[in-house]
Each structure stands twice: as C-alpha cells, then as structure tokens.
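This is what each chain is made of:
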Amino acid sequence: MKKKMIRRMISTLVITAMTGMMLAGCGKADNDAADASQPRETVNEEAPADVSTDTAAEAPEDASADSAETSSEIPGAPYFTKGVYTNYSDGEENLPRTYFYIFGSETYGRTEDGEHGGIGLAFDMEQTDGRVVFHFGGSDEDSAGTLLITDVRDGLIYGYFEDMPKRPLIFERLDDEDPDTFSGENYVNGPENSVYHDANGWSIRYDATRFEITPGGPQTFIVYTGESAGTNMITVTYTVDNKAEAAIRELGESWGDKTEYSDGPFPGAGYVKGYWAMLEPEEGGSGMYETAVARDYMDGAIIFELTGHNGDDEEMNMEVSDRMAGIIDSLTWQVNDFDTIIDMLSEDYYYAYADMSEFGDALLITGSDKVFDNGDGTMAATEATVYGYGLNANIVELGSVAGGGTATPLACKDHELFYGGHNYMNKVHIDMATFELFTDEGEYFDEYEDATVVEFKPAVSK
C-alpha cells in the first residue's frame, strides 16, 4: 500500500470515528479503552426508564412533526451561544466531563475529546426553533447531523441527534471557561499535567502551577514560576536566518569562549540530528548556566535555549533543574507523513516499511550499524524503532523491537511483525484502538517461516 494512501485512510478513519462519537454523544464507554476506529458506545443503549416525556427519550415516527410540536414548548433559537459546553448522555450526569463543544459564536465551533489528546472536528451550524444542524468537518450532507431540542431547563439543553433517537443527550454550559483559550485536554488532565501545542508543530507537557507559557510568533517563552535562585526559563526560537548547526554556533559564541559543543539525537525526534551548546556556571559567579539544542526545521532551524540559575540550596537547584529538563524531555512533534521523517534521516540510518496493521504500514528506522546483508542482497535488521499513526493522523514513536542474531531478521506476515532469537519468536502489531504496540510473546517459528523479511534501505537512496 502506498504511503500517501495510508495517510488518507488513517485521516478518513479518524474523521469518521470522531463524527460518530459526536453524533452519538460522549458518555463514558463500558470499556475504558476507547476504540478510535469505531464510534464510542454509550452506557445507555436505551433511553433511561425514568426520563420524562418532555425530554423525548425516544424519537417519534415523524421527527419533523415532533420538532414543530416541541418547539412551541421550549424557548426559541439560539440555544448555543459563545462558550464551552460539556456533552454527555442523559442518565450519566455523575460521570466525569470529558467531551466538549466549544462555540466561537452562534454559527461555528469545534469539538474536543479531553480523554484522547483533544481530538475533535470543527463545525458550522444553523440554529432554528427546535433544532440545530451541525456540519462536522465539511459542508456537504454527509457531514451534517441534526440535533432535535427537547427541553431547556435548569441551565441544561436536552436533545438527541435525529438518526440516534434512543441516545438522549445533555449539553451543560461551563460558565467559568473561556472558549478562546479552552483546552479539553488540560481540563481533563488538570493543571499539573497540562499540554501546550505550539503553532510551529511541537508540543510539551508541563505543570501549569509552576510554569507560565507566553507564545509570541517566532518565539515562545516558558518561564519557571516556582521558588528558585534566579530566572529559569526556556526560550524557543524559530529562525530562517540559519540552519541548526550554524544557529547553535552563533548562539554559543555569544556566551563566550567556554561554551562546549556536541551533537546527538534531538529530543522527541531521535531520527533528527540535534546540535548542542552548553555553558557551565562559573565558580563564584551568579550561578547562571546556559544549555541550547537546535535542529533543522522547515526552512531554517528551531532552537530551545534553557537559561538557569543555581543558588546555595542544592535541593532547590536540583528540583528546578529536573523540572526544566522534564520540559525538554517531553517534546513531541507534529508529523503527518513518513516522508517528513525519512527526509530528515542522515546517512547513518536505514528505514523500511512494515505491514503491522490492517490500515497500512508502519515505518521502521534503525542505525547503519544494525543492518546486514541477508544473503540475497537484501539489507535486513533484527532491531528497529517503530513509527506509526496516532491521534489526529499524527505520526508518533510507538516503541521498539529487538531480536537476536542475524539468523532471525525482522519479518512480516498478516499485519504482524516477527522478531526473536534461537529460542523465542514474538509477533507484534499496532493496536489501532489505542495506537500502541501489542506484543504476543511466544515461539511462533512456524508462522515466521512463511513471513517476508523486512527490507531496509539507506536514507540517502530515497
């Protein structure tokens, strides 16, 4: 399967799943592991027995007639105004609020699933008396869902989507939340486990009670606000003036002659070469130190510059240092195409495609020192890092596999990757419900005999 077709399939899969979840309402599923490839199932397949007739537990045979009759008993449109609303199935009022409709106005908005990385879709909508028509991710009929309003009382909006009458829904406005800054992901996670997504395609995890983030176009400032001996902050800069190596040299030279330089894998993107500069604090000085790492990015470079201060309290210094390092260690990148990763590989790497799910190939990456001629001119390997599609069709590092000697190279069969040694042979596939590697440990030598050895290619030959 061609990699571009794979990407389209995954994107379509995610959009279809999200539309299904939105139309179904987003109550807690019976199974805590949400299935991203299927619409979410709510707890109450049938409307609760104690739901009053004015909440329309079941849709009438003639939905349009019912809407006209109901509209005379409830307030007229609009029902939704600018703000944040949590959405759940009627009868599930005591469950955590994890799904949200964020309205930018009375005519448009977006959804967010706070339990699954804030995944959601933008929508346009039309509000008329007794009904709201949503267009999720598009304007054609296939993207439309009609919400029939059955009641508005006690600050809650009741209704059901026209094609799912046995799943009555409740929309509850969160008055303290600002739709312009709201993050469903952070609402669910809590401030200590916040996530920041930057417009330049990178994300970090951070404790919002100890860090303050200020985006500013080509620069983003991440400032530590806890107790410390001085300023501790990370400045993230995107520049088109230089590539990474030149940019880090220029920055390091501005610190002085004692700056030390090195290179190695870039945080959160081990397939990319990172260029480092480091300046240790001077003995008897202010305690200030500098560390920076840069990588080639788009038409220039992106630089993460950490400025810190040590004081006399070693325990406090360690806590601040660990928290600052934790920000860098949490880096992830928005990547939507395998080519983006392959284009960044240096000549020290090899790559391969591996059939590890029914929805398409995964990307395997390994070092040039890990590949070998399999005896027929094919370059094989016994270990590799696995990259695949995750939420929002974003490519993420899923994990790694490592087998034994060259007699058992990595091989694929029936959407599974085999790896092992002389006394074991495991098989692993990508679980598209959780976007994780699932390993079945065992001695699957009979299946391995019929598997196809994965062929690796040098990055420079792409």
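Everything below is about the structure printed above this text.
Residues numbered from 1 in each chain as written. Predicted model: local features only at pLDDT ≥ 70, side-chain atom pairs only at ≥ 80, totals over all residues. Heavy atoms only, no water.

K.L.:
Describe the pattern of salt bridges, with residues and values.
P.N.:
Applying the stated rule across the entire model yields 13 salt bridges. Arg-110 is the partner of Glu-112 in a salt bridge, and the nearest nitrogen-oxygen pair spans 2.9 Å. Among the residues examined, Glu-112 registers a relative accessible area of 10% and is labelled buried. For Arg-110, a relative accessible area of 28% puts it in the partly exposed group. Residues joined in a network through salt bridges with shared partners are Asp-207, Arg-210, Glu-319 and Arg-323. (Salt bridge = Lys/Arg side-chain N within 4 Å of Asp/Glu carboxyl O. Buried < 20%, exposed > 50% of the residue type's maximum accessible area, 1.4 Å probe, protein only.)

K.L.:
Which residues make up the layout of surface pockets, and what are the values?
P.N.:
In this structure, the second largest pocket occupies an estimated 300 Å³ of space. Contributing to the lining of the second largest pocket are 17 residues, with Met-278, Tyr-289, Thr-291, Leu-306 and Ala-325 lying nearest its centre. Those elements that provide at least two residues to the lining of the second largest pocket are strand 15 (269-279), strand 16 (288-297), strand 17 (300-309) and helix 5 (314-329). Within the lining of the second largest pocket, the residues separate by chemical class into twelve nonpolar, two polar and three charged. (1 Å grid on protein atoms, 1.4 Å probe; cavity = no way out; pocket = protein on both sides within 12 Å on 5 of 7 lines; lining within 4 Å. Points joined across faces, edges and corners; volume = space filled by probe spheres on them. Helix = DSSP H or I, 4+ residues; strand = E, 2+ residues; numbered from the N terminus. Nonpolar A, V, L, I, M, F, W, Y, C, P; charged D, E, K, R; others polar.)

K.L.:
Could you give an account of helix 4 (residues 244-255), naming the residues involved and the relevant values?
P.N.:
An α-helical turn contains 3.6 residues, so any two residues separated by three or four positions project in the same direction. Here helix 4 contains twelve residues, and its C-alpha end-to-end distance of 17 Å stays within 8% of the 16 Å for a straight helix at 1.5 Å per residue. Taken together, the buried positions of helix 4 are occupied by Ala-244, Ala-247, Ile-248, Leu-251, Gly-252 and Trp-255. With its buried residues spanning 125 degrees around the axis, helix 4 presents them on a single face. With respect to the buried face of helix 4, the exposed residues turned more than 90 degrees away are Glu-250, Glu-253 and Ser-254. Where helix 4 is buried, its residues contact strand 14 (260-266), strand 15, strand 16 and strand 17. Downstream of helix 4 by a residue or two, Gly-256 has a phi angle that is positive, lying close to 125 degrees. (Expected span 1.5 Å × (residues − 1). Arc of directions from axis to C-beta. Contact = heavy atoms within 4.5 Å.)

K.L.:
Break down a negative patch on the surface for me, citing the residues and quoting the values.
P.N.:
Taken together, the side chains of Glu-227, Asp-312, Asp-313, Glu-314 and Glu-315 define an acidic patch exposed on the protein surface. Structurally, Glu-315 can be placed in helix 5. (Patch = residues over 30% accessible without salt bridge, like charges linked within 9 Å, V, L, I, M, F, W, Y side chains within 5 Å. Areas by Shrake-Rupley, 256 points an atom, 1.4 Å probe, with all protein chains shown as cover. Lys, Arg positive; Asp, Glu negative; His and termini not counted. Charge placed at Lys NZ, Arg CZ, Asp CG, Glu CD.)

K.L.:
With reference to specific residues and values, describe the sheet that holds strand 18 (residues 332-333).
P.N.:
Within the open sheet, the three strands sit side by side as 9-10-18. Their pairing is antiparallel. Each edge of the open sheet is held by one strand with a lone partner, namely strand 9 (194-197) and strand 18. Sheet analysis places strand 9 next to strand 10 (residues 202-206), joined by four bridges and oriented antiparallel. Note on strand 10: the bridge partner recorded for Tyr-196 is Ile-204. (Pairing = 2+ DSSP bridges.)

K.L.:
Would you mind going over unusual backbone geometry in detail, with residue names and values included?
P.N.:
Excluding glycine, residues mostly have negative phi values, and the peptide bonds linking residues are mostly trans. Cis geometry marks the peptide bond from Ala-77 to Pro-78; its omega dihedral reads 5 degrees. Its place among the elements puts Pro-78 in the loop between helix 2 (63-71) and strand 1 (83-89). Within the chain, Met-298 stands out as a residue other than glycine whose phi angle is a positive 50 degrees. With respect to the element layout, Met-298 can be found in the loop between strand 16 and strand 17. Although it is not a glycine, His-415 sits at a positive phi angle of roughly 65 degrees. Following the sequence through the fold, His-415 ends up in the loop between strand 25 (411-413) and strand 26 (416-420). In this structure His-415 comes out as partly exposed when scored by relative accessible area, which is 35%.

K.L.:
Got a sec to walk through the sheet that holds strand 3 (residues 108-113)? Specific residues and values, please.
P.N.:
In a beta sheet, neighbouring strands are held together by backbone hydrogen bonds and run either parallel or antiparallel to one another. What the eight strands build is a closed barrel, ordered 1-2-3-4-5-6-7-8; its pairing is antiparallel. Taking the axes of each pair of neighbouring strands and ignoring which way they run, one obtains an average angle of 35 degrees across the sheet. Bridge analysis of strand 1 against strand 8 (residues 169-173) gives five bridges, and the strand direction is antiparallel. Among the inter-strand pairings, Ser-89 is bridged to a residue of strand 8, identified as Leu-169. (Axes fitted to C-alpha atoms, helices over the stretch in contact; angles between N-to-C directions.)

K.L.:
A description of the pairing of strand 17 should follow, citing residues and the corresponding values.
P.N.:
Among the ten residues of strand 17, ten are classified as buried, and the element is accordingly described as predominantly covered. Both strand 13 (residues 233-239) and strand 17 contribute to a ladder of seven bridges, which runs antiparallel. Pairing of Val-236 across the sheet is with Phe-304, part of strand 17. Here strand 16 pairs with strand 17 via ten bridges, running antiparallel. Considered in strand 17, the bridge of Arg-295 is made with Ile-302. What sits between the antiparallel neighbours strand 16 and strand 17 is a turn of two residues, in which Met-298 has the positive phi angle 50 degrees.

K.L.:
So, the nonpolar core: which residues are in play, and what are the values?
P.N.:
A general feature of soluble globular proteins is that nonpolar side chains tend to end up buried together. One finds Trp-202, Ile-222, Ile-234, Tyr-271, Phe-304 and Trp-333 to be the most contacted residues of the largest nonpolar core, which totals 41 residues. Ranked by residues supplied to this core, first place goes to helix 5 with five residues. Listed in part, the 23 residues of the second largest apolar core include Tyr-350, Met-356, Tyr-419 and Phe-435. (Core = buried A, V, L, I, M, F, W, Y, C linked by side-chain atoms within 4.5 Å.)

K.L.:
So, helix 5: which residues are in play, and what are the values?
P.N.:
For helix 5, built from 16 residues, the straight-helix expectation of 22 Å at 1.5 Å per residue is met to within 8% by its first-to-last C-alpha distance of 22 Å. Regarding helix 5, the residues found buried are Met-316, Asn-317, Val-320, Met-324, Ile-327 and Ile-328. Projected onto a plane normal to the axis of helix 5, the buried residues spread over an arc of 115 degrees and lie on a single side. Facing away from the buried side of helix 5, by more than 90 degrees, are the exposed residues Glu-314, Glu-315 and Asp-329. Among the residues of helix 5, the N-terminal cap falls to Asp-313, whose side-chain oxygen and the backbone nitrogen of Glu-315 are separated by 3.1 Å. (Polar contact = N/O pair within 3.5 Å; in protein donor to acceptor, adjacent residues only side chain to side chain.)

K.L.:
Tell me about the environment of His-116, and name the residues and values.
P.N.:
With respect to the helices and strands, the residue His-116 is situated in the loop between strand 3 and strand 4 (122-128). For the pair His-116 and Tyr-99, spaced 17 residues apart in sequence, the C-alpha separation works out to 9.6 Å.

K.L.:
Report on the packing of aromatic side chains, specifying residues and quantitative values.
P.N.:
A complete count under the given rule lists 31 aromatic pairs for this structure. Between the aromatic rings of Tyr-101 and Phe-123, the centroid separation amounts to 5.8 Å while the plane-to-plane angle is 45 degrees, which identifies the pairing as tilted. Of the two residues, Tyr-101 sits in strand 2 (residues 99-103) while Phe-123 sits in strand 4, which places them 22 residues apart along the sequence. An identical accessibility class is assigned to Tyr-101 and Phe-123; each is buried. Centre to centre, the rings of Phe-134 and Phe-136 are 5.5 Å apart; their planes meet at 10 degrees, and the pair counts as stacked. Taken individually, Phe-134 and Phe-136 each receive the classification buried, so the pair is uniform in this respect. (Phe/Tyr/Trp six-rings, centres within 6.5 Å; stacked < 30°, edge-to-face > 60°.)

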